[in-house]
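Take a look at the letters that make up each chain.
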Amino acid sequence: MTFKAPDSLAEQIAHHLAERIIRGEMKPGERIQEQKVTLALNVSRGSVREALLILERRHLIAILPRRGAHVTELTPHKVQSLCTLMSELYILLGNSVANGWQVQSDMAPFVQIQQRLTASYERQDIRTFVDDSFAVMRAAYPFANNPYLQETVENLQPAMSRAYFLALEQRKAEMSEFLELFERLLAAVLARDLPQIRIVLTAYARRSCDLVVSALTVA
């Protein structure tokens with residue numbers, strides 16, 4: 001049995017603030033005042049400080065001397081830089097699954113995610129579609145068995161979620177394309193075709209980046 005401790009109070013506060021940043025309720029450049037958060041959530045100031053450090057590690061806020069914590073800006077350069085890095089991390093995870101699966105049942109989590117993605121597409125439920133897109137990488141963690149890779153991806157994922165959320169409407173028209181890419185990815189993993197895994201995931205990251213940058217331009 002695997003023991004999983006409940007999230008700490010600081011993690012819960014960080015998650016609450018992260019959701020507000022990701023959904024655009026807290027705007028780029030907006031200051032996050034410790035005292036206001038403390039009073040609003042009825043928590044200790046120490047827990048809020050710890051939560052802000054978590055958010056800084058996840059690239060959602062910047063903490064500057066004498067200026068405090070501010071929501072980070074989302075720029076085309078940052079989005080492109082993030083997508084480039086995430087593409088390589090996704091490829092590492094994809095290669096780990098390709099090299100690590102032994103029997104067909106090892107791939108069951110990915111088939112289930114594919115089924116959920118298809119159901120979300122049929123409902124045109126873009127938010128669930130994006131959430132399940134991130135579920136793919138978490139299903140790959142056991143194959144990688146690399147705590148540093150997992151920590152890096154988890155710390156970058158909120159910034160990716162924020163970027164994707166901005167482009168939700170643009171992504172709706174692209175859901176069928178992403179489904180087709182995922183189908184090609186599964187086929188490449190089953191075939192242990194590492195060059196094809198790179199091709200598919202690079203295309204996915206590039207297309208995702210284009211959609212987010214387009215949304216930033218419109219905004």
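Residues numbered from 1 in each chain as written. Predicted model: local features only at pLDDT ≥ 70, side-chain atom pairs only at ≥ 80, totals over all residues. Heavy atoms only, no water.

1. Topic: the packing of aromatic side chains
Thinking step 1. Enumeration according to the criterion identifies four aromatic pairs in this entry.
Thinking step 2. An angle of 45° between the planes, with centres 6.0 Å apart, marks the rings of F110 and F143 as tilted. Here F143 lies in helix α6 (residues 126-144) and F110 lies in helix α5 (residues 108-123), a separation of 33 residues in the sequence.
Thinking step 3. On the basis of relative accessibility, which here comes to 4%, the residue F110 falls in the buried class.
Thinking step 4. For F143, a relative accessible area of 24% gives the class partly exposed.
Thinking step 5. Here a set of aromatic residues connected by ring pairs shows up, and it is made of Y90, F178 and Y204.
Thinking step 6. Here R192 stacks its cationic end above the ring of W101, 4.2 Å away from the centre of that ring. (Phe/Tyr/Trp six-rings, centres within 6.5 Å; stacked < 30°, edge-to-face > 60°. Helix = DSSP H or I, 4+ residues; strand = E, 2+ residues; numbered from the N terminus. Buried < 20%, exposed > 50% of the residue type's maximum accessible area, 1.4 Å probe, protein only. Lys NZ or Arg CZ within 6 Å of the ring centre and 35° of its normal.)

2. A word on the UniProt feature "domain: HTH gntR-type" (unreviewed entry) in the protein chain
Thinking step 1. Annotation from UniProt places "domain: HTH gntR-type" (unreviewed entry) at residues 7-74.
Thinking step 2. Span residues 7-74 is 51% helix and 15% strand, its end C-alpha atoms 28 Å apart. (UniProt positions renumbered as here; feature names shortened; annotations may be inferred.)

3. Description of unusual backbone geometry
Thinking step 1. Positive phi outside glycine occurs at N42, with the angle close to 55°.
Thinking step 2. Its identity is not glycine, yet H59 carries a phi of approximately 65°, on the positive side.
Thinking step 3. Looking at the secondary structure, you find H59 in the loop between α3 (45-57) and β2 (61-64).

4. Examining empty space enclosed by the protein
Thinking step 1. According to the stated counting rule, one finds one cavity of 30 Å³ or more in the structure shown.
Thinking step 2. Estimates place the volume of the largest cavity at around 400 Å³.
Thinking step 3. Lining the largest cavity are 23 residues; nearest its centre among them are S133, V136, F182, L185 and L201.
Thinking step 4. Of all the secondary structure elements, the ones that give two or more residues to the lining of the largest cavity are α4 (76-100), α5, α6, α9 (175-190) and α10 (194-218).
Thinking step 5. In terms of residue count, the dominant contributor to the lining of the largest cavity is α9 (seven residues). (1 Å grid on protein atoms, 1.4 Å probe; cavity = no way out; pocket = protein on both sides within 12 Å on 5 of 7 lines; lining within 4 Å. Points joined across faces, edges and corners; volume = space filled by probe spheres on them.)

5. As for the sheet that holds strand β1 (residues 31-32)
Thinking step 1. Strand order in the open sheet formed by three strands is β1-β3-β2, and the pairing between neighbours is antiparallel. For this open sheet the edge positions go to β1 and β2, each flanked by a neighbour on one side alone.
Thinking step 2. Sheet topology note: the β1/strand β3 (residues 68-71) ladder contains two bridges and is antiparallel. Paired with R31 across the two strands is H70, which belongs to β3. (Pairing = 2+ DSSP bridges.)

6. Focus: the confidence of the model for the protein chain
Thinking step 1. The predicted model of the protein chain has a mean per-residue pLDDT of 91, with 97% of residues at 70 or higher.
Thinking step 2. Of all the helices and strands in the protein chain, helix α8 (residues 168-172) carries the lowest mean pLDDT, 76, while α4 carries the highest, 96. (pLDDT = per-residue confidence, 0-100.)

7. Quick look at the layout of surface pockets
Thinking step 1. One number sums up the size of the largest pocket: a volume of about 670 Å³.
Thinking step 2. Taken together, 25 residues make up the lining of the largest pocket; nearest its centre are H15, E19, I22, R138 and Q157.
Thinking step 3. Residue assignment for the lining of the largest pocket shows that the elements contributing at least two residues are α1 (9-22), α6 and α7 (147-166).
Thinking step 4. No other element matches the eight residues that α7 contributes to the lining of the largest pocket.
Thinking step 5. Within the lining of the largest pocket, the residues separate by chemical class into ten nonpolar, four polar and eleven charged.
Thinking step 6. Residue lining of the second largest pocket: H59, T72, E73, L74, K78, V79, S81, L82, L85, L156, A159 and R162, and that is the complete set. (Nonpolar A, V, L, I, M, F, W, Y, C, P; charged D, E, K, R; others polar.)

8. So, the side chain of T38
Thinking step 1. Mapping T38 onto the fold places it in helix α2 (residues 34-41).
Thinking step 2. When near neighbours in sequence (up to four residues on either side) are disregarded, T38 contacts V43, S44, R45 and V48. (Contact = heavy atoms within 4.5 Å.)

9. Quick notes on the packing of α5 against α6
Thinking step 1. Look at α5 against α6: their axes get within 9 Å of each other, and the N-to-C directions meet at 175°. Taken together, α5 and α6 sit at an angle that is classed as roughly antiparallel. Packed against α5, whose contacting residues are P109, F110, I113, R116, L117, S120, Y121 and R123, the element α6 presents T128, F129, D132, S133, A135, V136, A139, A140 and F143 at the interface.
Thinking step 2. The class makeup of the residues in the contact of α5 with α6 is eleven nonpolar, three polar and three charged. (Axes fitted to C-alpha atoms, helices over the stretch in contact; angles between N-to-C directions. Parallel < 35°, antiparallel > 145°, perpendicular 65-115°, else oblique.)

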